[in-house]
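# Residue-level structure breakdown
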Amino acid sequence: MNILLINGSPRAGRSNSVKLAEAFIEGFKECSKANGTTDEVYQIDVAKANIAPCKGCFACWKNTEGKCCIKDDMTTVIEKQLWADVIIWSFPLYYFNVPGILKNLIDRQLPMNLPFMIDRTDGTGSGSHPSRYDMSGKKHVLISTCGFYSAKGNYDCVRSMFDHFCSKDRYETIFCGQGELFDVKSLSSRTNQYLESVRKAGKEFASGGITDKTRGDLNTLLYPKEVFEQMADASWGISKDTGKKEDESLVFTRQMAALYNRGSYDGKDRVLEIHYTDIDKCYQILLNKDGSKVYTDGSLKATTRIDTPWDVWLSISRGEIGGSAALAKKMYKVSGDFSLMIDWDKFFGNAGGGTQEEPETAGKLKKPTMLTMLIPWIVLWVAVPINGDIGPLITLAVCGLVPLIMAQHSMTIYDRISIGTVAALSLFSALTGSARAASNLGYLAFGLMWLLSCLTKEPLCACYVKYNYGAENALKNPIFMKTNYILAAAWGVLYLCTATWTFFLSRAGFGTSLIIINNLMPVLMGIFTRWFENWYPAWVAGGSGK
Ligand SMILES: Cc1cc2nc3c(=O)[nH]c(=O)nc-3n(C[C@H](O)[C@H](O)[C@H](O)COP(=O)(O)O)c2cc1C
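Note that the coordinates shown come from a computational prediction; the quantities given were computed from them, not determined experimentally.

### Some points on the nonpolar core
Of all hydrophobic cores here, the largest spans 65 residues; its most connected members are I306, W313, Y332, M373 and W377. Here this core spans two domains, and each of domain 2 (226-348) and domain 3 (370-541) adds at least three residues to it. Those residues within four positions of W377 in sequence are excluded, and the remaining contacts are S418, T421, V422, L425, G442, A445, F446 and M449. In terms of nonpolar packing, the next biggest core, distinct from the first, is built from 33 residues, F28, I88, I143 and L222 among them.

### Looking at the domain arrangement of the protein
Domain parsing of the protein yields domain 1 (2-222), domain 2 (226-348) and domain 3 (370-541). Taking only C-alpha atoms, the centre of domain 1 and the centre of domain 3 are 62 Å apart.

### Observations concerning the pattern of salt bridges
Under the defined criterion, the tally for this structure stands at 24 salt bridges. D107 is the partner of K103 in a salt bridge, and the nearest nitrogen-oxygen pair spans 2.7 Å. With K103 and D107 both in helix α4 (residues 100-107), this residue pair falls 4 residues apart, about one helical turn. Across the salt bridge formed by D307 and R305, the nearest N and O atoms sit 2.9 Å from each other.

### As for the side chain of E246
Along the polypeptide, E246 turns up in the loop between α8 (225-235) and α9 (248-258). A relative accessible area of 14% means that E246 is categorised as buried. Among the polar contacts made by the side chain of E246, one reaches the side chain of R254 at a distance of 2.7 Å. Sequence-distant contacts of E246, defined by excluding residues within four places in its chain, comprise G237, I238, S239, V251 and R254.

### Structural notes on the sheet that holds strand β4 (residues 139-145)
With respect to topology, 5 strands assemble into an open sheet ordered β2-β1-β3-β4-β5, the strand pairing being parallel. The two strands at the open ends of the sheet, each matched to only one other strand, are β2 (40-45) and β5 (171-176). On average, each strand axis in the sheet is inclined to that of its neighbour by 15°, with strand direction left out of account. Note: strand β3 (residues 86-92) against β4, 7 bridges, orientation parallel. Looking across to β4, one finds that I88 is bridged to V141. Sheet contacts for helix α3 (residues 74-83): β1 (2-7), β2 and β3; angle to β1, the most-contacted strand, approximately 140°. Seen against the sheet, α4 touches β1 and β3 and runs at an angle of roughly 145° to β3.

### Thoughts on the sheet that holds strand β9 (residues 304-308)
In spatial order, the strands read β8-β7-β6-β9-β10; together these 5 strands make up an open sheet with mixed pairing. Each having just a single partner strand, β8 (291-295) and β10 (333-336) make up the two edges of the open sheet. The sheet shows a mean angle of 20° between the axes of neighbouring strands, taken without regard to direction. Summarising the sheet, strand β7 (residues 281-288) and β8 pair through 5 bridges and their orientation is antiparallel. Note on β8: the bridge partner recorded for Q284 is Y295.

### Considerations on the site of the ligand
Neighbouring the ligand are 16 residues; R11, S15, N16, S17 and E180 lie closest to it. A distance of 2.9 Å separates a nitrogen atom of the ligand from a polar backbone atom of Y95. E180 is positioned such that a nitrogen or oxygen atom in its side chain is 2.4 Å from an oxygen atom of the ligand. Class assignment for the residues of the shell around the ligand results in 7 nonpolar, 7 polar and 2 charged.

### Some points on the packing of α8 against α9
The description of two packed helices rests on the angle between their axes and on the distance between the axes. At a minimum axis distance of 8 Å, the contact between α8 and α9 shows a crossing angle of 175°. With respect to α9, the element α8 is oriented roughly antiparallel. Across from V227, Q230, M231, A234 and S235 in α8, the residues of α9 making contact are V251, R254, Q255, A257 and A258. A breakdown of the residues in the contact of α8 with α9 according to their chemical character gives 6 nonpolar, 3 polar and 1 charged.

### Focus on the packing of aromatic side chains
Counted under the stated rule, the structure contains 38 aromatic pairs. Their ring planes at 70° and their centres at 5.6 Å tell us that W89 and F162 sit as a pair that is edge-to-face. One end of the pair, W89, is in strand β3; the other, F162, is in helix α5 (residues 156-166), and 73 residues separate them in sequence. By the burial criterion, W89 is buried, and F162 matches it. For the pair Y536 and W539, a centre-to-centre distance of 6.0 Å together with 35° between the ring planes defines the contact as tilted. Of this pair, Y536 and W539 are both found in helix α20 (residues 511-541), 3 residues apart, which corresponds to roughly one turn of the helix. Ring pairing ties together the aromatic residues W377, W381, Y443, F446, W450, W491 and Y495, which thus form one cluster. Sitting above the plane of the W83 ring, K80 keeps its charged end 4.7 Å from the centroid. Sitting over the ring of F205, K139 keeps its end group 5.5 Å from the ring centre.

Thresholds, definitions, all that
- Residues numbered from 1 in each chain as written.
- Predicted model: local features only at pLDDT ≥ 70, side-chain atom pairs only at ≥ 80, totals over all residues.
- Heavy atoms only, no water.
- Core = buried A, V, L, I, M, F, W, Y, C linked by side-chain atoms within 4.5 Å.
- Buried < 20%, exposed > 50% of the residue type's maximum accessible area, 1.4 Å probe, protein only.
- Domains from an automatic or database assignment.
- Contact = heavy atoms within 4.5 Å.
- Salt bridge = Lys/Arg side-chain N within 4 Å of Asp/Glu carboxyl O.
- Helix = DSSP H or I, 4+ residues; strand = E, 2+ residues; numbered from the N terminus.
- Polar contact = N/O pair within 3.5 Å; in protein donor to acceptor, adjacent residues only side chain to side chain.
- Pairing = 2+ DSSP bridges.
- Axes fitted to C-alpha atoms, helices over the stretch in contact; angles between N-to-C directions.
- Near = heavy atom within 4 Å.
- Nonpolar A, V, L, I, M, F, W, Y, C, P; charged D, E, K, R; others polar.
- Parallel < 35°, antiparallel > 145°, perpendicular 65-115°, else oblique.
- Phe/Tyr/Trp six-rings, centres within 6.5 Å; stacked < 30°, edge-to-face > 60°.
- Lys NZ or Arg CZ within 6 Å of the ring centre and 35° of its normal.

In C-alpha cells:
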C-alpha cells in the first residue's frame, strides 16, 4: 500500500502528534508484513514545504484544467494524494481546528475538484463539488494531539471540516488530549503505553478496522484530569503566585508531586523532603487526603527524607536507572518513614520511572497466599502427634482439600511441594505408626525447603510477598531480594534447629515442653520477620550495610 503522511504541525519533526502517526504506520506495516506485502510511506512536513496561500483566482477551475497557477510544493502534495491508498493527516489542534499551515494546504486542494455544483447525499451541508479524480478508494486517517486534558468536545470544527471534505464516517480518527506529555521523558512509561495502543490501532486498521477494545484504550486519559492539570501548570516553569520563572529542580519536584495518587492515602499525612545534594536545593511535598502541595520554605516536619544528587533523581524519573537498584547502589539515601519508598508506585504512579504491573497477573486467579503452603504443615504438626491413628488421616484429607479451598488463588511451587511432602509424611505415619518421626521429618523437610529456596532466583517468601511490591518488578529490586533471601535463610535455619532439638529433647522426655517451644519459636520468628522486613530496607536505604 502507498501511505502518505501529511505532518501538519508547525513543529515539523518535533511534533507530538507525528509520534502517534509514526506508531500507527508501524502497526499498519506490521500487518502488511504478516500478509507478505510491503508499504511505501511518503512524508510531507508542511512546516518545511513551500506552500503559498490560495489566491482565490479560480484559474484552476476556469483556465488550466486543475493546475494551480502557483508553482510550489503543492504540486507534489496533490500528486502524492493521487498516489496514496491511505492518507494520514497528522496535526496538533490549534484554536479547535487544524493549524493555519495545514488549512492553507487544504485550501490549495481546490484544483482537485471540478467547479460544478452537486447535491450531497450524506446530509452534510448544502452542496459540494465533484472530485476531478477518483478518490473513492482512498482511506483517510486523522491523528492529532491537543493540549487540554481530554480531546472530547474539542474537535467539532475538525470533524465538521472533514465531514464536508472526505464525507461523513469516511475517515478514521485518533484524537488524544494531554499531547504535550509525549515530550516528557519521565512520563514515557505511560505515553509509550498509549503509543503501543496507537500501533495496535494501525495494525487493526490495516486488517479491517480498529476494535472497540483498542478504541477504548485510545479514549482513556493519559492521566486523570487533576493530575494532568497540576502537572501542566507546573511544566511552564512559572510561579503561579509571582509569575516569575522557577528553578528547574522546583518545576520537576512540582511535576513529581502532581503524580501523587490521592487514592493511596492511608489515613497518614506524609511530608516527603527531597534534598538535591549537589545543587543544594531542598523541597517538601505534603501528601494528604486532599492531594499534594510543594513547600519551599522547609516549614514542615519531614516524615521521609531523600538525599540525592539532582542528576541521579532525574535519571531515575526518566527510567534510565531503576529507583531501587540506585538505592541499593547507594546512589541516594533515604531516612525516616520507609513505607513511602516501599509503596512508591502506589503513591506516585509512574513518577519513579516504571509502571507497576497489575498484581494479579496469573489469569483471573487471586495472588497466592502463604496459608496454602502453611496449612498442611500446621495440621501435620498438631494432628499427627496428638493422635497417631486419626491424625495422619486428617492431615491427608487436609492435603486433598487445601487445593479446593484455595482454588481461587494461584499456587506457587512451594504450595505444591508442601502439599506433596505433607501427604507423603502422613502416609508414612499412617503406614508405620511413627507419628513422632513423621512430625520431626516434617520440621527437617520444611527447613530444607526454605533453605534450598535461597539457591533459586526467587526465595520462598518472595513468591508470596512480591505481590505487595509490584509483582515481578519486585524481583528486580535488589533490596527486596536481599531482604527475602535473609528471611528465607533464617526460617530454614530455625526449622533445621527445630528438627535437631526435637530429635534430642523428645528422646530425653521433654515432650510437653517441646510442644510449647516448637509453637512459640515460629511466633517469635514471625514477629522478627515483620520487624526485619521494614527495618532492613530502611537501614540499607539510610546508607548502611553492604
Ligand atoms: C496556537 C496554539 C493553539 C492551540 N490551541 C489549542 C486548542 O484549541 N485546544 C487544545 O486542546 N490545545 C491547543 N493547543 C495545544 C496543542 O494542540 C498541543 O500542544 C499539541 O500537543 C501540539 O502538538 P504537536 O507537537 O503535534 O504540534 C494550541 C497550541 C498552540 C501553539
